[in-house]
Amino acid sequence: MNTLTPASPDLTDREAGPVSHLLYLHGFRSSPQSTKARQMAGWVAENHPAVVWICPQLPASPAQALAMLKELIADWPAASSAIVGSSLGGFYATVLGEWLLCRTVLINPAVDPARGLATMVGSTTMWHSDEPFEFRAEYVDDLRLMTPASLTNQNQTWALIAKGDEVLDWREMCARYPSARITLIDGGDHAFSGFETYLPAIARFFEWSTSG
């Protein structure tokens with residue numbers, strides 16, 4: 001594992017305190033039943049049950065997803081809130097992190113989902129069920145419009161990136177977050193297998209006690 005460490009990777013200059021509200025965002029065609037979502041949900045429930053935990057099923061429409069998420073976290077305290085997102089969920093986490101200015105953890109985040117998902121227009125099914133899933137052409141435009149031109153929340157951002165990601169280019173991911181904390185691992189995959197081994201480090205990033 002290689003870790004690229006910018007000037008202020010651990011947010012030691014902030015006076016935020018432990019995370020009290022946590023939002024987890026799954027990837028494209030995924031769900032709260034994804035392995036990483038369930039691992040994080042189990043960790044939170046066992047070690048930090050007082051934390052407000054939300055892991056919603058995201059609608060196919062990016063505009064609807066973003067509107068729903070903003071409504072869910074509109075009254076959250078930015079200083080003690082955090083967002084974790086994987087792949088397309090990492091893109092949404094970036095957008096919301098810029099809006100709320102809170103801590104974000106990105107797992108193989110989609111950098112340009114409008115480009116990447118343009119080939120996915122049409123009908124398919126969800127990964128964890130046979131439920132129909134339709135990705136419309138206008139959703140590509142939605143993603144393009146909501147992509148931040150620049151990122152100002154990188155001092156509160158930690159990206160976990162696998163060089164072996166078979167879907168997204170690790171070089172683009174690293175280049176998108178030049179001032180963030182980046183953990184770059186050799187090998188790995190898009191699903192970021194072994195995510196559970198990073199939960200104690202994420203707990204420290206959230207300023208949670210890991211003694212429990």
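Before any of the text, the structure's been laid out above.
About the criteria used
Residues numbered from 1 in each chain as written. Predicted model: local features only at pLDDT ≥ 70, side-chain atom pairs only at ≥ 80, totals over all residues. Heavy atoms only, no water. Helix = DSSP H or I, 4+ residues; strand = E, 2+ residues; numbered from the N terminus. Expected span 1.5 Å × (residues − 1). Buried < 20%, exposed > 50% of the residue type's maximum accessible area, 1.4 Å probe, protein only. Contact = heavy atoms within 4.5 Å. Phe/Tyr/Trp six-rings, centres within 6.5 Å; stacked < 30°, edge-to-face > 60°. Salt bridge = Lys/Arg side-chain N within 4 Å of Asp/Glu carboxyl O. 1 Å grid on protein atoms, 1.4 Å probe; cavity = no way out; pocket = protein on both sides within 12 Å on 5 of 7 lines; lining within 4 Å. Points joined across faces, edges and corners; volume = space filled by probe spheres on them. Nonpolar A, V, L, I, M, F, W, Y, C, P; charged D, E, K, R; others polar.

### Concerning helix H3 (residues 88-100)
Right, so step 1: In this model H3 runs 18 Å from its N-terminal to its C-terminal C-alpha over 13 residues, within 8% of the 18 Å that 1.5 Å per residue would give.
Right, so step 2: Counted residue by residue, H3 has 12 buried out of 13 residues, so it is predominantly covered.
Right, so step 3: Every buried residue belonging to H3 is among Leu88, Gly89, Gly90, Phe91, Tyr92, Ala93, Thr94, Val95, Leu96, Gly97, Glu98 and Leu100, and all of these are buried.
Right, so step 4: Looking at the buried residues of H3, the elements they touch are strand E2 (21-25), helix H2 (62-73), strand E4 (81-86), strand E5 (103-107), helix H4 (113-116) and helix H5 (137-146).

### Focus on the side chain of Ser86
Right, so step 1: Counting through the fold element by element, Ser86 comes out in strand E4.
Right, so step 2: Not counting the four nearest positions on each side in its chain, Ser86 is found in contact with Tyr24, Leu25, His26, Gly27, Lys36 and Ile107.

### Describing the packing of aromatic side chains
Right, so step 1: Scanning the model with the defined rule gives 9 aromatic pairs in all.
Right, so step 2: Arranged with centres 5.4 Å apart and planes meeting at 90 degrees, the rings of Phe28 and Phe133 form a pair that is edge-to-face. One end of the pair, Phe28, is in the loop between E2 and helix H1 (35-47); the other, Phe133, is in strand E7 (residues 132-135), with 105 residues separating them in the sequence. Phe133 shares its class with Phe28; the two are buried.
Right, so step 3: Between Phe205 and Phe206, the aromatic rings sit 6.1 Å apart at their centres with planes inclined by 45 degrees, giving tilted as the arrangement.

### Points about the pattern of salt bridges
Right, so step 1: Applying the stated criterion across every chain yields a total of 6 salt bridges.
Right, so step 2: As a salt-bridge pair, Asp186 and Lys163 come within 3.4 Å of each other at their nearest N and O atoms. Here Lys163 lies in the loop between strand E8 (157-162) and helix H6 (170-176) and Asp186 lies in the loop between strand E9 (181-185) and helix H7 (199-205), a separation of 23 residues in the sequence.
Right, so step 3: Residue Asp186 is classed as partly exposed on the basis of its relative accessible area, which comes to 48%.
Right, so step 4: Assessed through its relative accessible area of 30%, Lys163 is described here as partly exposed.
Right, so step 5: Among the salt bridges present, the one from Arg171 reaches Asp169, with a minimum N-O distance of 3.5 Å.

### Examining empty space enclosed by the protein
Right, so step 1: If you walk through the whole model with that rule in mind, you get 2 cavities of 30 Å³ or more.
Right, so step 2: The computed volume of the largest cavity comes to approximately 90 Å³.
Right, so step 3: Around the largest cavity, the lining comprises 15 residues; the ones closest to its centre are Gly27, Phe28, Arg29, Pro59 and Leu88.
Right, so step 4: Every element with two or more residues in the lining of the largest cavity is listed here: H3 and E7.
Right, so step 5: Tallying contributions element by element places H3 first for the lining of the largest cavity, with 3 residues.
Right, so step 6: Its residues assigned to classes, the lining of the largest cavity comprises 9 nonpolar, 5 polar and 1 charged.
Right, so step 7: What lines the second largest cavity is simply Ala93, Thr94, Gly97, Glu98, Thr104, Leu106, Leu151, Asn153, Gln154, Thr157 and Tyr177.
Right, so step 8: Of all elements in the fold, only H3 and E5 reach the threshold of two or more residues within the lining of the second largest cavity.

### Description of the environment of Leu143
Right, so step 1: Along the chain, Leu143 turns up in helix H5.
Right, so step 2: Its relative accessible area of 0% is what places Leu143 among the buried residues.
Right, so step 3: Each C-alpha atom of the pair Leu143 and Pro113 lies 6.6 Å from the other, and the pair is 30 residues apart in sequence.

### Description of the environment of Arg176
Right, so step 1: Assignment of secondary structure puts Arg176 in helix H6.
Right, so step 2: With 132 residues separating them along the chain, Arg176 and Val44 place their C-alpha atoms 29 Å apart.
Right, so step 3: With residues up to four places along the chain from it excluded, the contact list for Arg176 reads Val111, Thr147, Pro148, Ala149, Leu151 and Gln154.

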